[in-house]
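Results of the structural survey
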Protein chains: 2
Amino acid sequence: MSVSRASVHPVETPPLQTEAANVPRVRMKDIQGMPGTISSLFLRFAQFVFASIALSVMASTSDFSSVTAFCYFVAAAGLQILWSFSLGILDIYALLVGRSLQNQRIVSFFSIGDGVTSTLMFAAACASAGITVLIGNDLGVCAQNHCTEFETATTMSFLTWFASIPSFVLNFWSLSSQCRCVPA
Amino acid sequence: MSVSRASVHPVETPPLQTEAANVPRVRMKDIQGMPGTISSLFLRFAQFVFASIALSVMASTSDFSSVTAFCYFVAAAGLQILWSFSLGILDIYALLVGRSLQNQRIVSFFSIGDGVTSTLMFAAACASAGITVLIGNDLGVCAQNHCTEFETATTMSFLTWFASIPSFVLNFWSLSSQCRCVPA
C-alpha cells in the first residue's frame, strides 16, 4: 500500500467522506426459494406435479367440458404446468452453470408471471370447489356426477396454489426491497 | 456554530467516519394509498361500498342460504366490510390528527389483514362466479333462480377485490423495502 505523508504536518488524516460513500449500495440477498436455488427448483417441481395431477384427474372425467368453470380449470392448470416447467428448466440451468438469476429484470418477470399464474389457479380452484360442494353437499347428486374426481382435482389445484405462493412472495419481496431503499 | 481549531497544526480535518455513519438509515417513503393518506381512505371507502352492495344483494335473495358457497360469500363480504370500515376510521383519525401510521408494526398488521381479507373475498367471488355461470349458462335454469342478483353480487365482490389489491400491494411493498435494505 502506498501512503503519502506530509513532511511538514505529520497528521494522520482520516478518510474523506465523499458523496458517493454516503449513498447506500444495495444488493439482492440470496434467499432459498428465489430463482436459481435448490428450493426454487423444489417449489417448481411441486407446482408442476400438483398441477399435472389436477389437470389429468379433471380431464379424465367425461363431462367436465359441459361446465364452463371446469373448462377454465383445465386451461389454468395447463398454463401453470407450462410456467412451472419452464422455470424449473431455467433453475436447473442456473444451478448447473452456477449462474445467478437474481437481477431486477428477471425477478420482475418471474414475480409478475408467478402472480398471474397463481391468481388464475386460485380462481379455478375456488370456482371448482364452489361447484363441487354444490353438487356433493347442497344438491346431493353425486350418484350422477364424478364427485370424487372433482374433489381430487380441486384439492390438487389448492396444493398447486400453496406451492406457488412462496415463489411469488419471495420474488416480490426481493424485488421491492431492491428498488425502494431510501436513505434518510 | 462553535468550531475548535488546533493552534499548532491548523489543518482542516474532515469529519471522522464512524461505524454508525456507515449503516444506511432507511425511512418509509410516503406513498399515496398507504395508511393515513387520502388515497388510502378512498380505497377503504370503495371496498366498504362494494362489499356492502355485494352482501345486501346476495342476502336479499331468499335461497342463498341453501348454497354453501353463497353463505361463505356473505361471511367473507361481512368480514371485508368490518375490516374496511375499521381502517377507514383509522385513516380519518390519522388525517385529522396529522399522525403518521407508517411504522413497521402497523404496516405489517395492515398488510396481513389486507392479504387475508382480499384472498377470502376473491375466493368467495370466484366460487360465486363459478356457480352463477353454471346456473345461467351451463344448466340454463335462471327462471327458477335469482341469476341477476347472483351476477350483481359477484361483480361487486370482484370490484371489492380490485379495490383491496392496491392497499395490500402498497403495504407489502413498503414493508419489504423497509426491512431488507442490505448494504454491500
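Along each chain, residues carry numbers from 1 onward, in the same order as the chain's sequence is written. Written order determines the labels here, with chains lettered from A and ligands numbered from 1. Reporting of local features is limited, given that this is a predicted model, to residues whose pLDDT is at least 70; pairs of side-chain atoms are given and counted only at 80 or more, and all residues count toward the totals for whole chains, interfaces and linings. The basis for the side-chain values is all heavy atoms of the structure; hydrogens and waters are excluded.

The cut-off we apply is this: UniProt positions are given in the numbering used here, feature names are shortened, and annotations may be inferred rather than shown by experiment.
The name given to chain A in an unreviewed UniProt entry is CASP-like protein, and the organism recorded there is Cuscuta australis. The annotation that UniProt attaches to chain A under Subcellular location (unreviewed entry) is "Cell membrane".

**Here's the deal with the UniProt feature "transmembrane region" (unreviewed entry) in chain A**
To be explicit about the condition: Every helix listed is a DSSP run of H or I at least four residues long, and every strand listed is a run of E at least two residues long, numbered separately from the N terminus.
Under the local residue numbering, the UniProt record ascribes the feature "transmembrane region" (unreviewed entry) to residues 41-60, 72-97, 109-135 and 155-175 of chain A. Across residues 155-175 of chain A one finds 100% helix and 0% strand; the C-alpha atoms that close the span lie 31 Å apart.

**Regarding the state of the cysteines**
Put simply, the rule reads: To count as a disulfide, a pair of cysteine sulfur atoms needs to be within 2.5 Å. We call a residue buried when its accessible area falls under 20% of the maximum for its residue type, exposed when it is over 50%, and partly exposed in between, using a 1.4 Å probe and counting protein chains only.
Enumeration according to the criterion identifies 2 disulfides over all chains in this entry. Sulfur-sulfur distance for the disulfide between C142(A) and C147(A) comes to 2.0 Å. Judged by the torsion about the S-S bond (-100°), the C142(A)/C147(A) disulfide is left-handed. For C147(A), a relative accessible area of 6% corresponds to the buried category. Free cysteine C71(A): the closest other cysteine sulfur is in C126(B), separated by 16 Å. Under the relative-accessibility criterion, C71(A) is labelled partly exposed at 31%.

**Description of the UniProt feature "domain: Casparian strip membrane protein" (unreviewed entry) in chain A**
Those places that UniProt annotates as "domain: Casparian strip membrane protein" (unreviewed entry) correspond, in this numbering, to residues 34-163 of chain A. Helix makes up 81% of residues 34-163 of chain A and strand makes up 0%, while its end C-alpha atoms are separated by 13 Å.

**Considering the layout of surface pockets**
Here is the rule we go by: Put plainly, a pocket is an open set of points on a 1 Å grid over the protein atoms alone with protein on both sides within 12 Å along at least five of seven lines, a cavity is a set where a 1.4 Å probe fits but cannot get out, and a lining residue has an atom within 4 Å of a point. Grid points are joined across faces, edges and corners, and a volume is the space filled by probe spheres set on the points.
Taken as a whole, the largest pocket holds about 800 Å³ of empty space. Around the largest pocket, the lining is made up of 28 residues, and of these T119(A), I165(A), F168(A), I165(B) and F168(B) lie nearest the centre. Elements with a contribution of two residues or more to the lining of the largest pocket: α4 (104-138) and α5 (147-179) of chain A together with α4 (104-139) and α5 (147-179) of chain B.

**Considering a nonpolar patch on the surface**
Rule in force here: Exposure above 30% relative accessible area and no salt bridge define the residues that can form patches, which grow by joining like charges within 9 Å and nonpolar side chains of Val, Leu, Ile, Met, Phe, Trp and Tyr within 5 Å. To measure how exposed things are, a 1.4 Å probe is used in the Shrake-Rupley method; for residues, cover is taken only from the protein chains shown. Note on definitions: salt bridges are taken to be side-chain nitrogens of Lys or Arg within 4 Å of carboxyl oxygens of Asp or Glu.
Where nonpolar side chains cluster on the molecular surface, the patch consists of F85(A), I89(A), L90(A), I92(A), Y93(A), L96(A) and V97(A) and spans about 680 Å² of accessible area. Exposure remark for I89(A): the relative accessible area of 45% places this residue in the partly exposed category.

**Looking at the nonpolar core**
Here is the rule: As used in this record, nonpolar core signifies buried Ala, Val, Leu, Ile, Met, Phe, Trp, Tyr and Cys residues forming a set joined through side-chain atoms within 4.5 Å. Contacts between residues were defined by any pair of non-hydrogen atoms, one from each residue, lying within 4.5 Å.
Formed by 38 residues in total, the largest nonpolar core has its most connected members in M58(A), F70(A), I131(A), M58(B), F70(B) and I131(B). For this core, the secondary-structure elements that each account for two or more residues are α2 (38-60), α3 (68-97), α4 and α5 of chain A together with α2 (38-60), α3 (68-97), α4 and α5 of chain B. Once residues lying within four places of it in the same chain are set aside, the contact partners of F70(B) are M58(B), F64(B), S128(B), I131(B), T132(B) and F150(B).

**A closer look at α2(B)**
The criterion, for reference: In this scheme, a helix's expected span is set at 1.5 Å multiplied by one less than its residue total.
For α2(B), built from 23 residues, the straight-helix expectation of 33 Å at 1.5 Å per residue is met to within 8% by its first-to-last C-alpha distance of 33 Å. Every buried residue belonging to α2(B) is among S40(B), L43(B), R44(B), A46(B), Q47(B), A51(B), A54(B), V57(B) and M58(B), and all of these are buried.

**Some words on the packing of α2(B) against α3(B)**
Residues and elements named next belong to chain B. To keep it simple, the criterion reads: Angular values range over 0 to 180 degrees, each being the angle between N-to-C directions of two axes fitted as lines to C-alpha atoms, with helices fitted over their stretch in contact. Here the word oblique covers every angle except those under 35 degrees (roughly parallel), over 145 (roughly antiparallel) and from 65 to 115 (roughly perpendicular). Left-handed describes a crossing whose near helix is turned anticlockwise from the far helix by less than a right angle; the clockwise case is right-handed. Ten residue types, Ala, Val, Leu, Ile, Met, Phe, Trp, Tyr, Cys and Pro, are classed as nonpolar, four, Asp, Glu, Lys and Arg, as charged, and the remainder, Gly among them, as polar.
Contact geometry of α2 with α3 gives a least axis separation of 8 Å together with a crossing angle of 155°. If you check the angle between α2 and α3, you find them roughly antiparallel. Between α2 and α3 lies a crossing of left-handed hand. Broken down by class, the residue content of the contact of α2 with α3 amounts to 17 nonpolar, 7 polar and 2 charged.

**Describing the pattern of salt bridges**
All names here are of chain A. Throughout the structure, instances matching the rule amount to 2 salt bridges over all chains. In this structure, D114 and R44 form a salt bridge, with 2.8 Å as the shortest nitrogen-oxygen distance. Residue D114 is found in helix α4, and its partner R44 is found in helix α2; the two are separated by 70 residues along the sequence. Here D114 and R44 have matching classes, each one buried.

**A few points about the confidence of the model for chain A**
Interpretation of this model should avoid reading the predicted coordinates in detail wherever pLDDT is low. All names here are of chain A. For clarity, the threshold we go by: Confidence scores here are pLDDT values: one per residue, from the predictor, ranging 0 to 100.
Per-residue confidence for chain A gives a mean pLDDT of 82; residues scoring 70 or more make up 78%. Confidence drops under pLDDT 50 across residues 16-27; counting only partners more than four residues distant or on other chains, this segment forms 18 contacts. A low-confidence stretch, residues 180-184 stays under pLDDT 50, and its non-local contacts, those more than four residues away or across chains, total 16 contacts. Interface scoring of the predicted complex returns ipTM 0.77; its pTM is 0.79.

**A short note on α4(A)**
Helix length check: α4(A) (35 residues) gives 48 Å between terminal C-alpha atoms against 51 Å at 1.5 Å per residue, within 8%. Directly after α4(A), the chain includes G140(A), whose backbone phi takes a positive value near 65°.

**Section: the packing of α3(A) against α4(A)**
Relative placement of two packed helices is described by the angle separating their axes and the distance separating the axes. Residue and element names in this part refer to chain A. One can describe the packing of α3 onto α4 by two numbers: an axis separation of 9 Å at closest approach and a directional angle of 150°. The orientation of α3 with respect to α4, classified from their angle, is roughly antiparallel. The interaxial crossing formed by α3 with α4 has left-handed handedness. Taken together, the residues of the contact of α3 with α4 break down into 19 nonpolar, 6 polar and 1 charged.

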